[in-house]
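# Chain and residue survey
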Amino acid sequence: MPAINKNGKTQTFAAYHDGNDEMKEILGTVYAALSEKGYNPVNQIVGYLLSEDPTYITNHKNARALIRHIDRDELLNALVRNYLGV
């Protein structure tokens, strides 16, 4: 269902950033840090993306600070585009 803004019009969402290489590098570092600490990295990253609660991400290897450099909306956009191959 599309979002409706306060004027009763459909609101579109367009957030695509060409910084995918940087996001991929940061996400790889965060994934590795979570793995090293014994966490399930996919579950932890999904928890962070859904809640925006940084405590899902370990401080190990500065992962928590790193992931906060990524705009969540841009990351979600890149993940969906990658999953769909578009």
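This text follows the structure it describes.
All of the points below concern the structure found in this document. In this text the structure is predicted, and so the values were computed from the model without any measurement. (Residues numbered from 1 in each chain as written. Predicted model: local features only at pLDDT ≥ 70, side-chain atom pairs only at ≥ 80, totals over all residues. Heavy atoms only, no water.)

## Topic: the layout of surface pockets
In this structure, the largest pocket occupies an estimated 330 Å³ of space. Forming the boundary of the largest pocket are 14 residues, of which Asn20, Lys24, Ala78, Leu79 and Asn82 lie nearest the centre. Those elements giving two or more residues to the lining of the largest pocket turn out to be α1 (20–36) and α4 (72–84). Residue composition of the lining of the largest pocket, grouped by class: eight nonpolar, three polar and three charged. (1 Å grid on protein atoms, 1.4 Å probe; cavity = no way out; pocket = protein on both sides within 12 Å on 5 of 7 lines; lining within 4 Å. Points joined across faces, edges and corners; volume = space filled by probe spheres on them. Helix = DSSP H or I, 4+ residues; strand = E, 2+ residues; numbered from the N terminus. Nonpolar A, V, L, I, M, F, W, Y, C, P; charged D, E, K, R; others polar.)

## Some points on α4
With 13 residues, α4 extends 18 Å between its outermost C-alpha atoms, agreeing within 8% with the 18 Å of an ideal straight helix rising 1.5 Å per residue. Among the residues making up α4, those that are buried are Leu75, Asn77 and Ala78. For α4, the buried positions fall inside an angular range of 160 degrees around the axis, keeping them on one side. In α4, the exposed positions angled more than 90 degrees off the buried face are occupied by Tyr83 and Leu84. Those residues of α4 that are buried are in contact with α1 and α2 (41–51). Capping of α4 at its N-terminal end is provided by Asp71; its side-chain oxygen lies 3.1 Å from the backbone amide nitrogen of Asp73. Looking at the residues trailing α4, positive phi occurs at Gly85, about 70 degrees. (Expected span 1.5 Å × (residues − 1). Buried < 20%, exposed > 50% of the residue type's maximum accessible area, 1.4 Å probe, protein only. Arc of directions from axis to C-beta. Contact = heavy atoms within 4.5 Å. Polar contact = N/O pair within 3.5 Å; in protein donor to acceptor, adjacent residues only side chain to side chain.)

## A short note on the nonpolar core
Core analysis: the biggest nonpolar cluster contains 15 residues, and Val30, Ile45, Ile57, Ile67 and Leu75 have the highest contact counts within it. When residues of this core are traced back to their parent elements, those giving at least two are α1, α2, α3 (63–67) and α4. If near-sequence neighbours (up to four positions away) are discounted, Val30 is found in contact with Ile45, Ile57, Ala63 and Ile67. (Core = buried A, V, L, I, M, F, W, Y, C linked by side-chain atoms within 4.5 Å.)

## Thoughts on unusual backbone geometry
Of note in the backbone geometry, Glu52 takes a positive phi value of approximately 60 degrees without being a glycine. In this fold, Glu52 is placed in the loop between α2 and α3. Here Lys61, not a glycine, exhibits a phi torsion of approximately 60 degrees, which is positive. Mapped onto the elements, Lys61 comes out in the loop between α2 and α3. Take Lys61: its relative accessible area is 46%, and that puts it in the partly exposed class.

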